[in-house]
Each structure stands twice: as structure tokens, then as C-alpha cells.
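Geometric and topological summary
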Amino acid sequence: MLRRDLPVGAASGHVIRLAEGRIAPAPDGGFLQPACPWTPEMQPLCYWHDAPVALSLEERAGDAWPDGRGWLGQLPESWFALLSTALQVGAWLRDHRFCGRCGAPASRLDAEFAMHCQGCGHRNYPRISPCIITLVTHGESLLLARSPRFAPGRYSTLAGFIEPGESAEEAVRREIFEEVGLTVGRVRYFKSQAWPFPHALMLGYFAEAASRRIRIDGVEISDAAWFSPRRLPQLPPLYSISRALIETHLNEVRAAQ
């Protein structure tokens, strides 16, 4: 569906209108506007079903423009890649209009996602921040936790950014110990997911806890508990890798019964 070649030579095509992390609805109820002529300010983005797509960054979002999470909650999973690409490229264009080395204005290159400084020659590319996200288990039980930022009653898996010089597996063990005071044995990779809030790449893992004794940090984690597969709290949304980790574990438990 999505082809990541930049439609550099295209003069028209579909457009995604983005402002303040919100995307304008299209007449058909989605967010891909009908084909129209492109302006020089638009960023060629990709091909969608072999049709060229550009990104239009606008000054203000309309009152009825859903944010990224709102779109993810109402669209089929097949649209995730296009939406994630638009949000991440849009955040990069917004935040890198000036050179991070010398402060001079940067100009957009046509052949790739790159901003080039004519003053010092520095070139920057869309930022991607690697994170780990981990479902900790002990037998059938799942360890789920709450961030103070979560909606009331919602629990999720543990997550954190990978630090400089650290492997993903080292980050898994460090984050689990820092947030809930647990050491873990076997760590198993699951899959990854681009998470455009604003530019994370989530690396999903399963980790087996050596014990069930929890000690929460009280800062990043406001509460954590072990849950039975037969009695679960409010879970993260279906489009998230966190929910995919949970559902995969639940399916493995059912298959073993």
C-alpha cells in the first residue's frame, strides 16, 4: 500500500494537511485529500496505492481536526504506516527549520528527507528515537503499570528510551529494575512499531520476572500490579504495540490450556 519512494517529479497528487499534530479530515471521512496541484511549499511524502502523496504544513489546525491518536482509533490498521510517516515527517520539518550546529536557516532537499545548511554544510534527517516496550510476565500473570499521564483506570506495559551506548536488551533490564524494582531472566524480542508521538521507534519485548515482588519508583510509575489473564484492568488501545504484546501473551496462555 505505502511505497517509500519520494514522488519528487510529481506536480500533483493527494495531500495530507497537518498542523499542531492534527490532520484535516478529507471529504470521504479519511485524512487523504483528493488529488490537486502541489505548491513548492509542500513536502513530497510517498506513494499510496501508487498515487503520489505530499504533506502540507499549515499554520493552524481546524477545530474539527483529530490528532494522531484520534485518527489511529478510527482507521484500519493498514493506514498506520501512512499516518505515522506523515506525523513524524511533519514534526521533523517543524522542528528543524534552523541548523542545529550554527543556527542558520536550513533548506529542504528534494531527493531525500534532509534539511541542509548553506552556511556550515550540516545536514539533518528525520529524528527517530529508539525505545523499548516490555511485557513482564511471571507464569500466566502479567505485570501492568500506570503512568500519572494515563487515563483513569488504564494500565499498560513498561517502556523507556534507550540510552547512549546501551543495547535494547540492556535497556529492557534497566527500565524494569528502575521502574518496578524487578530483575528478569529470559528476554525475548517480539516486534517493532513506529510510534509518531513524536518520533519513537518502539522495540517490543517479553521478559520473565525472577520474582513477583514489586517496588515502584513513584515518579514515572504511579502504580503497578500483577494481573491474571482472567481479570484485567482497562488496557491500552488496539492499535498500540503494548496491546499487541498483551494479546499475544493471552493467546499463548489460552493455547497452553
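The structure under discussion appears in the preceding block.
Numbering of residues starts from 1 in every chain and runs along the sequence as written. A pLDDT threshold of at least 70 governs which residues receive local features in this predicted model, and a stricter bar of 80 or more applies before side-chain atom pairs are shown or counted, although totals over entire chains, interfaces and linings include all residues. Only heavy atoms go into the side-chain values, all of them from the structure, while hydrogens and water stay out.

1. Some points on the sheet that holds strand β7 (residues 106–108)
Spatial strand order, β7-β8-β9: 3 strands in an open sheet with antiparallel pairing. For this open sheet the edge positions go to β7 and β9 (123–124), each flanked by a neighbour on one side alone. Pairing between β7 and strand β8 (residues 115–117): 3 bridges, direction antiparallel. Within β8, the position partnered with arginine 108 by the bridge is methionine 115. One requirement defines pairing of two strands: DSSP has to find at least two bridges between them. Helix numbering and strand numbering both begin at the N terminus, where a helix is a DSSP run of H or I of at least 4 residues and a strand a DSSP run of E of at least 2.

2. Digging into the packing of aromatic side chains
Note on aromatic contacts: the rings of Phe and Tyr and the six-membered ring of Trp form a pair at centre separations within 6.5 Å, being stacked when their planes are under 30 degrees apart, edge-to-face when over 60 apart, and tilted otherwise. Per the counting criterion, the structure on display carries 9 aromatic pairs. For the pair tryptophan 92 and phenylalanine 113, a centre-to-centre distance of 6.3 Å together with 70° between the ring planes defines the contact as edge-to-face. With a gap of 21 residues between them, tryptophan 92 in helix α2 (residues 80–95) and phenylalanine 113 in the loop between β7 and β8 connect regions that are remote in the sequence. A ring pair is formed by phenylalanine 190 and phenylalanine 206, whose centres lie 5.4 Å apart and whose planes are at 70°; its orientation type is edge-to-face.

3. Observations regarding unusual backbone geometry
For the bond running from phenylalanine 197 to proline 198, omega is 0°, close enough to zero to count as cis. Unlike most non-glycine residues, glutamate 20 shows phi in positive territory, near 55°. Mapping glutamate 20 onto the fold places it in the loop between β2 (12–19) and β3 (22–23). On the basis of relative accessible area, glutamate 20 is assigned to the exposed category, the value being 54%. Its identity as a non-glycine residue notwithstanding, histidine 49 has a phi of 50°, on the positive side. Relative to the elements of secondary structure, histidine 49 occurs in the loop between β5 (43–48) and β6 (51–57). Any residue under 20% of the maximum accessible area for its type is buried, any over 50% is exposed, and the rest in between are partly exposed; the area is computed with a 1.4 Å probe on protein chains only.

4. Brief notes about the pairing of strand β13 (residues 184–195)
Of the pairings in the sheet, the one linking β13 to strand β14 (residues 200–209) comprises 8 bridges and is antiparallel in character. Each bridged residue has a counterpart across the sheet, and for arginine 188 the counterpart in β14 is phenylalanine 206. Between β13 and β14, which pair antiparallel in sequence order, lie 4 residues.

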